Amino acid sequence: MAAEYKADYQELVDEISELLGVPATLENRDFELIAFGAYDSDDELDASALDPVRTRSILTRRSTATVRTWFEGFGITRATGPVRIPPSTEAGVYRGRICLPVRHRGVVLGYVWLLDGDPGPTDPQLAAAMQVAGRIGALLADEAEAGAGLSRELRAVLTAERGWQRDMAVADLRTALGPRADGPVTLVCVAPWPSADPDDAPAARTIPHAAALCTLPWGATGQSLALLVRLRSTETSTPALAAAARLLKEAEGARGASGGVARGAGARVAAAVAAGFTAEAGAGGCAAGVGEPRTGLAELDTVWQEASAAARAALAESRFGPVAEWARIGAYRLLTALPPEAAHDRVVGPLLAPAHRELARTAEVYLDCAGQAGRTASALGIHRQTLYYRLSRVEQLTGLDLDDGEDRLLLHMALKRARL
């Protein structure tokens, strides 16, 4: 469905380019690039036509918040006809623009941008182009409605209880997706998403290989973003990894636009504060997880559990990177499945007090190093005697014997689980 819309947009933008004899680009109301005209002219080869704003829009498929604010200052969000915008070297706009607002039933849904010139398009030409912009507006409205439906259906699949409710939700999503529903897919979880407003989520159209997306609760007050990704086969998650990286950039941009504060997203998911651990995540404190690929939609609830668990692991452990795959998070596949009440073992509790942060870190590194004192001392940058003293204090606080394999396992699991 998204590919069909994209082809339609491209045809309409090309029609405007040919009609006016100038290059044209189409962006949605959030200044995300949808299509750009392939009008062939010497003007397009002119270096002045490729000013920084236009170049960035085409290469990154979106404009910055500063550029958006500057253009909106000319009243384009309220305009019903063409708006001429003068050049500004300070804003990076070396060529004047003509903005054709794309509206549907009185609501602005996007903008067609033209490079202005001398003499530039005539009024009759612009009037004809506005009629094409109206057709684009109707198409954008149709796509928005379809996307909202897919978002609702994906959310229903991922939140419904097992049984007939989930079976019905899967059937509805399968019908909405059509033939795409039967191919290999996976889910990406990005958390915490920097806005609680579903309208702040990017359009699925802007994410390569995306079939649908929705927002879901994350923790007590936060939000996560769920993205359904189409794959070429169940043997590779490359499209999902690329989509996850793209969403992390979107999250970074959203946080930057709001002054680095997550609007309504709650506090950053951190590691155990009591132990003094710090989570190393991706852009703006976000991380992404990718579930195991499946064929069809029947196991999407399980894939979502895997993707969200991988995101939690990435937030807890920097070594997994800002994007973690379920298959690569090792012991965290088990740790993330533990219920909240099993988060802390009472024996390990004293070690997780803030006053013993250094001891907790020493114990974790020692166990990560398979109990090898030399490697541990080197990793911590301390003398062996200092290491032995700290380990003896760990044993005193917990009552555990670090020469006992089961005690080591319990301590290691508890320290890793505390990060979640």
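Residues numbered from 1 in each chain as written. Predicted model: local features only at pLDDT ≥ 70, side-chain atom pairs only at ≥ 80, totals over all residues. Heavy atoms only, no water.

Per the stated rule, a full pass over the model turns up 18 salt bridges. Measuring nitrogen to oxygen at the nearest pair gives 2.7 Å for the salt bridge that ties Arg-162 to Asp-301. Of this pair, Arg-162 sits in the loop between helix H5 (123–159) and helix H6 (164–177) while Asp-301 sits in helix H8 (residues 300–316), and the two are 139 residues apart along the sequence. Take Arg-162: its relative accessible area is 62%, and that puts it in the exposed class. Between Arg-294 and Glu-306 there is a salt bridge, and its shortest N-O distance comes to 3.0 Å. With Arg-294 in strand E10 (residues 294–295) and Glu-306 in helix H8, this pair connects stretches of sequence that are 12 residues apart. In this structure, Arg-294 and Glu-306 share a single accessibility class: buried. By sharing partners, the salt bridges in this structure join Glu-317, Arg-319, Arg-361, Glu-364, Asp-368, Lys-416 and Arg-419 into a single network. (Salt bridge = Lys/Arg side-chain N within 4 Å of Asp/Glu carboxyl O. Helix = DSSP H or I, 4+ residues; strand = E, 2+ residues; numbered from the N terminus. Buried < 20%, exposed > 50% of the residue type's maximum accessible area, 1.4 Å probe, protein only.)

Contact geometry of helix H10 (residues 357–368) with helix H11 (residues 373–380) gives a least axis separation of 9 Å together with a crossing angle of 130°. One way to sum up the angle between H10 and H11 is to call them oblique. For H10 against H11, the interelement crossing comes out right-handed. Residues Thr-362, Val-365, Tyr-366 and Asp-368 of H10 pack against Arg-375, Thr-376, Ala-379 and Leu-380 of H11. (Axes fitted to C-alpha atoms, helices over the stretch in contact; angles between N-to-C directions. Parallel < 35°, antiparallel > 145°, perpendicular 65-115°, else oblique. Left-handed = near helix turned anticlockwise from the far one by under 90°. Contact = heavy atoms within 4.5 Å.)

Using the criterion set out here, one finds seven aromatic pairs in the structure. Relative to Phe-74, the ring of Trp-70 lies with its centre 5.0 Å away and its plane at 70°, an arrangement referred to as edge-to-face. Between the aromatic rings of Tyr-111 and Trp-113, the centroid separation amounts to 6.0 Å while the plane-to-plane angle is 45°, which identifies the pairing as tilted. Each member of the pair, Tyr-111 together with Trp-113, is buried. A connected cluster of aromatic rings, assembled from ring pairs, spans Phe-31, Trp-70, Phe-71, Phe-74, Tyr-111 and Trp-113. (Phe/Tyr/Trp six-rings, centres within 6.5 Å; stacked < 30°, edge-to-face > 60°.)

To continue, consider the sheet that holds strand E4 (residues 97–104). Taken together, five strands build an open sheet; the order of strands is E2-E1-E5-E4-E3 and the sheet is antiparallel. Only two strands of the sheet have a single partner each, and these edge strands are strand E2 (33–36) and strand E3 (83–85). Strand-to-strand twist in this sheet, taken as the mean axis angle between neighbours without regard to direction, amounts to 25°. Bridge analysis of strand E1 (residues 24–28) against E2 gives three bridges, and the strand direction is antiparallel. Paired with Leu-26 across the strands is Ala-35, a residue of E2. (Pairing = 2+ DSSP bridges.)

Turning next to the environment of Cys-369. The residue Cys-369 is located in the loop between H10 and H11 in this model. The spatial distance from the C-alpha of Cys-369 to the C-alpha of Ala-379 is 8.9 Å, given a sequence separation of 10 residues. If sequence neighbours within four positions are ignored, Cys-369 has contacts with Arg-375 and Thr-376.

Looking now at the environment of Arg-333. With respect to the helices, strands and loops of the structure, Arg-333 is situated in helix H9 (residues 332–335). Since its relative accessible area comes to 33%, Arg-333 is described here as partly exposed. For the pair formed by Arg-333 and Ala-313, sequence separation is 20 residues and the distance between their alpha carbons is 8.6 Å. Beyond its immediate chain neighbours, meaning those up to four positions away, Arg-333 contacts Trp-326, Ala-327 and Arg-328.

Here we come to the packing of H11 against helix H12 (residues 384–398). Viewed as axis vectors pointing N to C, H11 and H12 meet at an angle of 100°, and their least axial separation amounts to 9 Å. Taken together, H11 and H12 sit at an angle that is classed as roughly perpendicular. Taking contact as the criterion, the partners of Ala-373, Gly-374, Thr-376 and Ala-377 in H11 are, on H12, Arg-384, Leu-387 and Tyr-388. Residues that form the contact of H11 with H12 fall into these classes: four nonpolar, two polar and one charged. (Nonpolar A, V, L, I, M, F, W, Y, C, P; charged D, E, K, R; others polar.)

For strand E6 (residues 184–193), the buried fraction is high: 10 of the 10 residues fall into the buried class. Across two bridges, E6 lies against E10 in antiparallel orientation. In the strand pairing of E10, Val-185 is matched with Arg-294. Taken together, the seven bridges between E6 and strand E8 (residues 222–230) define a ladder with antiparallel strand orientation. Pairing of Val-185 across the sheet is with Arg-230, part of E8. In terms of strand pairing, E6 meets strand E9 (residues 287–290) through four bridges, oriented antiparallel. When the sheet's bridge partners are listed, Cys-189 is paired in E9 with Gly-289.

Counting residues in each nonpolar core, the largest one holds 38 residues, and the members touching the most others are Leu-154, Leu-158, Leu-228, Leu-297 and Leu-300. Listed by contribution, the elements that provide at least two residues to this core are H5, H6, E6, strand E7 (210–218), E8, H8 and H9. At 10 residues, H8 tops the list of elements feeding residues into this core. Each residue touching Leu-300, except ones within four places of it in the same chain, is listed here: Leu-154, Val-157, Leu-158, Leu-173, Val-185, Leu-187 and Leu-228. Within the second largest apolar cluster, 24 residues are counted, among which are Leu-20, Leu-126, Met-130 and Val-132. (Core = buried A, V, L, I, M, F, W, Y, C linked by side-chain atoms within 4.5 Å.)

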